[in-house]
Amino acid sequence: MKKKVFLIEDDAAIIDIYSTGLKAAGFEVDAATSGKEAIAKIIKQGKIPDLILLDLLLPDMNGIEILAELRKDEKAKSIPVFVLTNYSDDELEKMGYRLKAEKHLLKSDYTPGQLAEVVKEKLK
Amino acid sequence: MSFFPLSCLITSFISFIFGIFVFLNKKNRLNFLWFLTSISISIWSLGFFGVVYFTGYNWVWFSQYLLDIGGILIPISFFNFIIKFLKLKNGYKKIAIFSWLIAVFLIVLNFTTLFKKGMVPYENFNYWINPGPFYFLFPLIFVFFSLYAFILLLKKFRESDDKIFRAQIKYIIIAHIIGFGGGVTNFFPQLFKVYPFGNYLVVLYVFFISYSILKYHLFNIKILATELFTFAISVALIVRTLLAENLYDLIINGVIAILVSVFGVLLIRSVLKEVKQREQLEKMAGDIKKAYEVEKKAHEELQRLDDAKTQFTMATQHHLRTPLTSMRGYIDLIMSGTYGKIPAKLKEPLLKFEISTKRLIKIVNEFLDISQFQLGKQVVSLKPGVKIAPILQEIIEELKFEIEAKSLYMHLEKPKEAFEVKADEEKLKLALFNLLDNAVKYTQKGGVTVDVKDGEKVKIVIKDTGIGIAKEELSNIFGRTFERGKEAKRIFTTGRGIGLYITNEIVKAHNGRVWAESEGLGRGSAFFVELPVG
């Protein structure tokens, strides 16, 4: 059974490249382009993934707010989360770690293949 | 003459001289108001002298008018002096005009029996005022304006930061308490049948105002006071000489008069010199203060612009990196065959495209790192137990292609121990990469040796046989001006000199230090990184 990766990202091209890379590596990928959509899918519809890749800058909520919502939900609170962003800010990074984000990855440092490797390492 | 009338006469005389001094020194509104206050005190005190000294009713009655008119004018002129001295503006002009109207009203009233009915014997005095039914307005106004002036002085004393101004206010307050406190007791016999014991104190106000003049330059009359003092003594000595009864006295007094006059002139010259120097110093201090303020303002403006620039760069980082991420992502997917097999002739251009994209990402990351350093942000997240050797090994692997292409050697002296430091692995790798990349880039023959040494701190030494660094360029290579050596510019024209600045900032953020040594151009370089063990 394929492992499920949920991508919370508002840029269509980024969703495209990482989804393609992850699918090529054998993962099942779902995505949401806003915080509300992500919360609706994961918490309300109960689509619990094996790992979440979370962007920090989204149109309706920021990544830290989404992470806080996820950590409040009984089913979603233990999902591993990797922050995947192009916005480097040490304060946000610390807040992410406080909310048990496991990694803080800079998108520009990770090709789809490299990201798939990191995800694979976590979910093996 | 008993002491009471004598004290009145002294106060009158000193106040008169004092008022004239101030007015003659500089004819401005402030000095004029102090002149009015001093003359009012002088008239009041002269009147008082007449009341207590003369025995004839008419002289006493005339003196009482002088006493009352002077007494009415004292609190009003003093209050106006304080408004001017404290530079009070809003609304105080109207209060000042109103105070003068009250003074005029009381002076007119003073000529009626509503104010005073006549003079009657009182205790030791031959005559004392017999107040009319509206006499009480006089002490009431006296106390009101005295208290008002006192409150204004106290308020300004608390608010002001100017030390000299505060000292001036302090001595005026002391003089005010003593002078007005003593003066107000003169109302006691007619109001409460109590002896005017405080009158002796009035003369002391002169002492405190004089102290303020000499020490804190109130009214700036030091020169004039010295001149008048010297002149008065000289005149007295000359008169004494002229009135000498024999030749011996004439010679002695004459010599003394000449000596005193000469020393007096010297004293005046010394005071003039001192005042001139003080004025020059004050002017210089003012000029320095102005220049400092202009410089400070310019610096703040530059700082603001610099912050705005850095903030802008930070804000755009997301927008710069996102399209680059997509470009790099798509090329990665194409190259890995996700979209099918790549035609052979496309492979090389695609590889070049990938290299350029990576280079662009590196440049953007460097700029953003610099912005973060300049914003004073914490760019490293330190974790203990980071091993140095694997990081160096990884970097060497990444540089393998270039090392082989230039036929250089690369020796990593494997440390006996697995040195661990407290570090941000990614950032430390970037810092060390910049040093190794430079070593390879600027070495044409020979190679690079990397050594890790133990001690209290972990020391990484990167030695190359490259172009070397001129002595005069050594101190600038890690600076924020991104200096590059002349030879470095010639060998590698597209370099930006950013790498060493970033390395330095990262190492500093690790509580370490980085430095370079070189015997000179063409004699290789050695870069040292020292990090705390952790």
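Details of the structure are given in the entry above.
Structure report, in brief. Remember, it's a predicted structure, so these values are computed and weren't measured experimentally.

### Some points on the overall build of chain B
Broken down by element type, chain B carries 17 helices and 9 strands. For chain B, buried positions account for 45% of its 534 residues. The long-range fraction of contacts in chain B, counting pairs at least 24 apart against all pairs at least 6 apart in sequence, stands at 70%. As displayed, chain B offers around 29500 Å² of accessible surface, 64% of which is attributable to carbon and sulfur atoms.

### As for helix α5 (residues 137–159) of chain B
For α5 of chain B, which comprises 23 residues, the first-to-last C-alpha distance of 33 Å matches the rise-based estimate of 33 Å (1.5 Å per residue) to within 8%. Within the sequence span of α5 of chain B, burial applies to Phe138, Pro139, Ile141, Phe142, Phe145, Ser146, Ala149, Leu152 and Leu153 of chain B.

### Some points on the environment of Trp34 of chain B
Locating Trp34 of chain B in the fold gives a position in helix α2 (residues 29–53). With 15 residues separating them in the primary sequence, Trp34 of chain B and Gly19 of chain B have C-alpha atoms 6.6 Å apart.

### Points about a nonpolar patch on the surface
Residues and elements named next belong to chain B. Side chains of Leu247, Leu250, Ile251, Val255, Ile258, Leu259, Val262, Phe263 and Leu266 sit close together on the surface and give an oily, nonpolar patch of about 860 Å² of accessible area. Topologically, Val262 is positioned in helix α10 (residues 247–335). Overall, the relative accessible area of 44% leaves Val262 in the partly exposed class.

### Observations regarding the packing of helix α14 (residues 425–441) of chain B against helix α17 (residues 499–509) of chain B
The angle between the axes and the distance between the axes are what describe a pair of packed helices. All names here are of chain B. Here α14 crosses α17 at 140 degrees, and the two axes come no closer than 9 Å. Note that α14 runs across α17; the crossing there is left-handed. On α17, the residues touching Lys427, Leu428, Leu430, Ala431, Asn434, Leu435 and Asn438 of α14 are Gly499, Leu500, Ile502, Thr503, Ile506 and Val507. Its residues assigned to classes, the contact of α14 with α17 shows 8 nonpolar, 4 polar and 1 charged.

### Observations regarding the sheet that holds strand β3 (residues 51–54) of chain A
Residue and element names in this part refer to chain A. Taken in spatial order, the 5 strands line up as β2-β1-β3-β4-β5 in an open sheet, and their pairing is parallel. Since the sheet does not close on itself, it has two edges, and those belong to β2 (28–32) and β5 (103–106), each with one partner. Pairwise comparison of adjacent strand axes, ignoring direction, gives a mean angle of 20 degrees for this sheet. Sheet topology places strand β1 (residues 4–8) next to β2; 5 bridges connect them, and they run parallel. The partner of Lys4 across the bridge, within β2, is Glu28.

### Concerning the nonpolar core
Residue and element names in this part refer to chain B. One finds Phe48, Phe78, Phe81, Ile82, Phe85 and Leu86 to be the most contacted residues of the largest nonpolar core, which totals 54 residues. Every element with two or more residues in this core is listed here: α1 (3–25), α2, α3 (57–85), α4 (92–110), β1 (116–122), β2 (125–131), α5 and α6 (163–184). Of the residues forming this core, the biggest block, 11 residues, is contributed by α3. Membership of the second largest hydrophobic core comes to 46 residues, among which are Leu392, Ala423, Val450 and Ile498.

Conventions adopted
- Residues numbered from 1 in each chain as written.
- Chains lettered and ligands numbered in written order.
- Predicted model: local features only at pLDDT ≥ 70, side-chain atom pairs only at ≥ 80, totals over all residues.
- Heavy atoms only, no water.
- Helix = DSSP H or I, 4+ residues; strand = E, 2+ residues; numbered from the N terminus.
- Buried < 20%, exposed > 50% of the residue type's maximum accessible area, 1.4 Å probe, protein only.
- Contact = heavy atoms within 4.5 Å.
- Areas by Shrake-Rupley, 256 points an atom, 1.4 Å probe, with all protein chains shown as cover.
- Expected span 1.5 Å × (residues − 1).
- Patch = residues over 30% accessible without salt bridge, like charges linked within 9 Å, V, L, I, M, F, W, Y side chains within 5 Å.
- Salt bridge = Lys/Arg side-chain N within 4 Å of Asp/Glu carboxyl O.
- Axes fitted to C-alpha atoms, helices over the stretch in contact; angles between N-to-C directions.
- Left-handed = near helix turned anticlockwise from the far one by under 90°.
- Nonpolar A, V, L, I, M, F, W, Y, C, P; charged D, E, K, R; others polar.
- Pairing = 2+ DSSP bridges.
- Core = buried A, V, L, I, M, F, W, Y, C linked by side-chain atoms within 4.5 Å.

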